[in-house]
Structures are given as structure tokens and as C-alpha cells.
Amino acid sequence: MNDISPIAVDAETALAHAPPGHKDELRLWLRLLTCTTLIEGEIRTRLRRDFDTTLPRFDLMAALDRARDGMTLGEISRRMMVSNGNVTGLAARLEAEGLVERRAQPGDRRVQLLRLTPKGRREFARQSAAHESWIAELLDGLAETESTTLFRLLGRAKASVRAALSPEEA
């Protein structure tokens, strides 16, 4: 009988037992994940503090800002990678605040398009400007050449990941 009790293992400890040749890739993935988590958490905090809003609301408004002619709920949910139900609730709250409007799609009145209202465009412009400055502030510790190199390398990493995905995932 084994007297060793199970111990909770953190990512760094688990990495020590990774197969040879894969530790660097795992460490890279954990570093990317940590950076993303730190930045996202700070952006969530600042959106709540400065605009009394959430990241999903900001993301929905950003999607609509890029689609001047509007988007269907399905298009938004695919772009945001969330369920239609999540988008429906967000859209309803933004509509109640006068930031988003629904209109029938030309040619098919059953399909509803969401668009930012003029008030929504003004509000998103304020939030977007702040968001851009926050990201610049958070990444200000990188020299311009480092940012350029990191951007290029992350593009290569993205291409590597896409190439490794099965056709239905890509």
C-alpha cells in the first residue's frame, strides 16, 4: 500500500516533470497566459472604475463600432465567442441605456441588426480612447524595437498554432 498522499501541484512543479523537449513550449504558453490574464484583469478593473461598465459590454460595443451597418446577434456571438443568450442580455441592457438600437435587416424583416446609436458611438469613443491609453501604459516598459519584435514573433506563434489545428478548429 502506498502511504504517499496526493499533493496539489502548481504549474511550475508540473512543468518540472514535462517530457524532454517540451518544457520551453509549456513555459512560453504559461507566460502568454499570465500576460493575458494580468492585462485583462487590469482592463476589467479600469472599465468598472472609470466607466461603470464591463469588458463584455466594451467588447460588444467594439464589435458594433467596426460594423457600421450593424450585426446580427449570431454574428456578434461568433465574433465574441459567446452564446447568443449572452449577447441577447448584453444587447438588451445597452439598448435600454440608449447605446444600441435594433433594426430589421433590409430584405429579411425577421432578422434583427444591432447598431450603435449616436450616443453609443460617443460613449464607445470615450471608452476606446481610455482603453488604448491603458494598453500603452501597461506595455510601456517595452522598447519600441522590443514591441515590434514581440509583435512579429507572436504573429509567427499564431500561424504555428493555426497550422497545428484540425481543419474544423481553424
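Just so we're clear, the structure is a prediction, and the values are computed from it rather than from any experiment.

Glancing now at the sheet that holds strand E2 (residues 100-105). By way of backbone hydrogen bonds, the strands of a sheet pair with one another, either parallel or antiparallel. What the three strands build is an open sheet, ordered E1-E3-E2; its pairing is antiparallel. The open sheet has two edge strands, strand E1 (71-72) and E2, and neither has a second partner. Strand direction decides the pairing type here: E1 and strand E3 (residues 108-116), joined by two bridges, are antiparallel. Across the sheet, residue Thr-72 finds its bridge partner in E3, namely Leu-113.

Here we come to the packing of helix H3 (residues 55-66) against helix H6 (residues 118-138). At a minimum axis distance of 10 Å, the contact between H3 and H6 shows a crossing angle of 115°. With respect to H6, the element H3 is oriented roughly perpendicular. Remark: the crossing between H3 and H6 carries left-handed chirality. Along its contact with H3, which presents Phe-58, Met-61, Ala-62, Leu-64 and Asp-65, the element H6 presents Gly-120, Arg-121, Glu-123, Phe-124, Gln-127, Ser-128 and His-131.

Here E2 runs beside E3; their pairing, made up of six bridges, is antiparallel. Bridged to Ala-104 within E3 is Gln-112. Hairpin connection of E2 to E3: two residues between the antiparallel strands, including Gly-107 at a positive phi of 90°.

Next up on the list: the packing of aromatic side chains. To describe a pair of aromatic rings, one takes the distance between the centres and the angle between the planes. Counting across every chain of the model gives two aromatic pairs. Judged by centre distance (6.1 Å) and plane angle (55°), the rings of Phe-51 and Trp-134 are tilted. Separated by 83 residues along the polypeptide, Phe-51 in helix H2 (residues 23-51) and Trp-134 in helix H6 bring together distant segments of the chain. By relative accessible area, which is 15% here, Phe-51 ends up buried. Overall, Trp-134 belongs to the buried group, its relative accessible area being 6%.

According to the stated counting rule, one finds twelve salt bridges in the structure shown. Across the salt bridge formed by Arg-48 and Asp-52, the nearest N and O atoms sit 3.5 Å from each other. Among the residues examined, Arg-48 registers a relative accessible area of 45% and is labelled partly exposed. Its relative accessible area of 57% is what places Asp-52 among the exposed residues.

Before going further, it helps to spend a moment on the side chain of Ser-77. As for its position among the elements, Ser-77 is in helix H4 (residues 73-80). Taking the relative accessible area as the measure of exposure, Ser-77 reaches 8% and is therefore buried. If sequence neighbours within four positions are ignored, Ser-77 has contacts with Val-82, Ser-83, Asn-84 and Val-87.

Rules and cut-offs
- Residues numbered from 1 in each chain as written.
- Predicted model: local features only at pLDDT ≥ 70, side-chain atom pairs only at ≥ 80, totals over all residues.
- Heavy atoms only, no water.
- Pairing = 2+ DSSP bridges.
- Helix = DSSP H or I, 4+ residues; strand = E, 2+ residues; numbered from the N terminus.
- Axes fitted to C-alpha atoms, helices over the stretch in contact; angles between N-to-C directions.
- Parallel < 35°, antiparallel > 145°, perpendicular 65-115°, else oblique.
- Left-handed = near helix turned anticlockwise from the far one by under 90°.
- Contact = heavy atoms within 4.5 Å.
- Phe/Tyr/Trp six-rings, centres within 6.5 Å; stacked < 30°, edge-to-face > 60°.
- Buried < 20%, exposed > 50% of the residue type's maximum accessible area, 1.4 Å probe, protein only.
- Salt bridge = Lys/Arg side-chain N within 4 Å of Asp/Glu carboxyl O.

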